[in-house]
Amino acid sequence: MNSPDTILAPKRITAKNMTEKEFFYGHKACAGCGGSVAVRLALKVTGERTLAAFPAGCMAAVGFIYPQMAFQNNAIITTFPGVASMASGISVGAKALGLKDYKTVAFAGDGGTADIGLQALSGMIDRGDDLMYICYDNEAYMNTGIQKSGLTPYGTQTTTTPAGKNLPGTKTHKKNLFEIIAAHDIAYAATASIGYPQDYINKVNKAKQIKGPSFIHVYASCPTGWGTPTNTTIEIAKEVVDTGLFFLAEYENGEFKLNKNPKEFKSIKNHLSKQGRFKHLTDNDYDIITKQRDMKWERMRKFWTLP
Amino acid sequence: MNRPVKQEYNRPTHIKDFPVGPQFDAGHLADENAGWRTFKPVVDAEKCINCLICYLVCPDGTIIKGENHVSVAYDYCKGCGVCANECPKDAISMVKEER
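Residues numbered from 1 in each chain as written. Chains lettered and ligands numbered in written order. Predicted model: local features only at pLDDT ≥ 70, side-chain atom pairs only at ≥ 80, totals over all residues.

**Q** Please clarify how the packing of helix 2 (residues 34-46) of chain A against helix 8 (residues 197-209) of chain A should be interpreted in this entry.
**A** Describing two packed helices takes the angle between their axes plus the distance from one axis to the other. All names here are of chain A. Packing of helix 2 against helix 8 brings their axes to within 9 Å, and their N-to-C directions diverge by 45°. Classified by the angle between their axes, helix 2 and helix 8 sit oblique to one another. Viewed along their axes, helix 2 and helix 8 form a crossing whose handedness is right-handed. Listed contacts from helix 8 to L41, A42, V45 and T46 of helix 2 are P197, Y200, I201, V204, N205 and K208. By residue class, the composition of the contact of helix 2 with helix 8 is seven nonpolar, two polar and one charged. (Axes fitted to C-alpha atoms, helices over the stretch in contact; angles between N-to-C directions. Helix = DSSP H or I, 4+ residues; strand = E, 2+ residues; numbered from the N terminus. Parallel < 35°, antiparallel > 145°, perpendicular 65-115°, else oblique. Left-handed = near helix turned anticlockwise from the far one by under 90°. Contact = placed C-beta atoms within 7 Å. Nonpolar A, V, L, I, M, F, W, Y, C, P; charged D, E, K, R; others polar.)

Rendered as structure tokens:
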């Protein structure tokens, strides 16, 4: 029997004691893929009895190439907008069959979560189905060839928002996806980055214990779409948190909690100029990005619980 | 077994050889990813302190835990170099593949 204490504080999973089984192995993702780090680590935490659902997107395209099947656990491809509703169905179906000791996990990219799949995700949280939803955010529709999504930040060059004399690339700012999800009064929501793998593992482990919907927004870099060297995947995902362009936070019991509050931010210019998609940015664009970041942090520091 | 291994796969010759419905065995691998590589990671067993950072951040899960140091599953390593970049002791070096 689990006492309430053990549910609140699950056994910590680290690299030393996590399962040595690989559940996402031999896939065809690009070298240095950040999304596959996110999927691989999450599956290692949730374990063999995970029922995973993937919408049309990179992880579905690289994992399920007939006759290859890179997943060692139960996994299915869903429609693009319907990953949350299909995973809901899987979760409810497993309950009806009387299965024990399983976890349903839906993995979707930023497009499949913040744009196309948003209404299904909203419905899933509303119904209170028992499943974990992980959004790996690579800031554009990468699988179809780098088109702008709702989570693409200002100034990004994508194939649908080219940069030139008149345009700085993407003109819109990143959606506040985490706050949108938290506004549903979800039991547990968190943001994480693959640059901080232990923090991400802890959050997945925590979400695993929740009976009901839980959501994790994980920042996952994409060397192909971002024009970065393959070996800097983790470095960039770590740096983005240190520059303040992404934040690590949790939402629980109706309260926002900031996990990391850097005293001083690292240079945005230094960080962005390493990426091909930001090569064209002018000083004016950097000012706009810095202003947007400072506004966001001012709000977060004012209203959220600080670490 | 911790990792699936490459299995012999005979291409279907008749329609009846194809699976009925869109399902397939989990962990069925029909070929390797080693051919993608230009540089391969080589672990210096002396320098490795077994901190397992590379194990956590490998996108392909090709770092194998060992008693005193890690090693690499070369069949599925794509040579992205993330492990070498993240290693705090510089125990992993990327060496040009020769074949």
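**Q** Teacher, can you tell me more about the nonpolar core here?
**A** The nonpolar side chains of soluble globular proteins are, as a tendency, buried together. All names here are of chain A. Core analysis: the biggest nonpolar cluster contains 108 residues, and A38, A106, F107, Y133, I134 and V218 have the highest contact counts within it. Considering each element in turn, this core owes the most residues, seven residues, to helix 2. In contact with V218, other than residues within four places in its own chain, are A38, I134, C135, Y136, D137, A192, S193, I194 and Y200. (Core = buried A, V, L, I, M, F, W, Y, C linked by C-beta atoms within 7 Å. Buried ≥ 20, exposed ≤ 12 C-beta atoms within 10 Å, placed from the backbone.)

**Q** I'm lost on the interface of chain B and chain A in this one. Help?
**A** Many descriptions give the size of an interface as the accessible area lost when the pieces come together. Opposite the 29 residues of chain B that make contact, chain A presents 31 residues. Elements supplying a minimum of two residues to the side of chain B that touches chain A: helix 1 (53-57) and helix 2 (82-86) of chain B. The element that contributes the greatest number of residues to the side of chain B that touches chain A is helix 2 of chain B, accounting for four residues. Among the residues forming the side of chain B that touches chain A, the class breakdown is 16 nonpolar, eight polar and five charged.

**Q** Looking at this structure, I do not really get the sheet that holds strand 3 (residues 103-109) of chain A. What am I missing?
**A** Residues and elements named next belong to chain A. Pairing in this open sheet of eight strands is mixed, and the strands run 2-1-3-4-6-5-7-8 from one edge to the other. Of all the strands in the sheet, the pair left with one neighbour each is strand 2 (74-77) and strand 8 (255-258). Taken over all neighbouring pairs, the strand axes of this sheet differ in orientation by 15° on average, direction set aside. Where strand 1 (residues 50-54) and strand 3 come together, four bridges link them in parallel fashion. Looking across to strand 3, one finds that A52 is bridged to V105. The strands touched by helix 4 (residues 83-96) within the sheet are strand 1, strand 3 and strand 4 (132-137), with strand 3 carrying the most contacts at an inclination of about 170°. (Pairing = 2+ DSSP bridges.)

**Q** What should I look at first to understand the pairing of strand 1 of chain A in this one?
**A** Side chains on a regular strand alternate between the two faces of the sheet. Residue and element names in this part refer to chain A. When you tally the buried positions in strand 1, you get five out of five residues, the bulk of the element. Of the two faces of strand 1, the one carrying T50, A52 and F54 and the one carrying L51 and A53 are both buried. By the bridge criterion, four bridges tie strand 1 to strand 2 in an arrangement that is parallel. Looking at the pairing, F54 lines up with I77 of strand 2.

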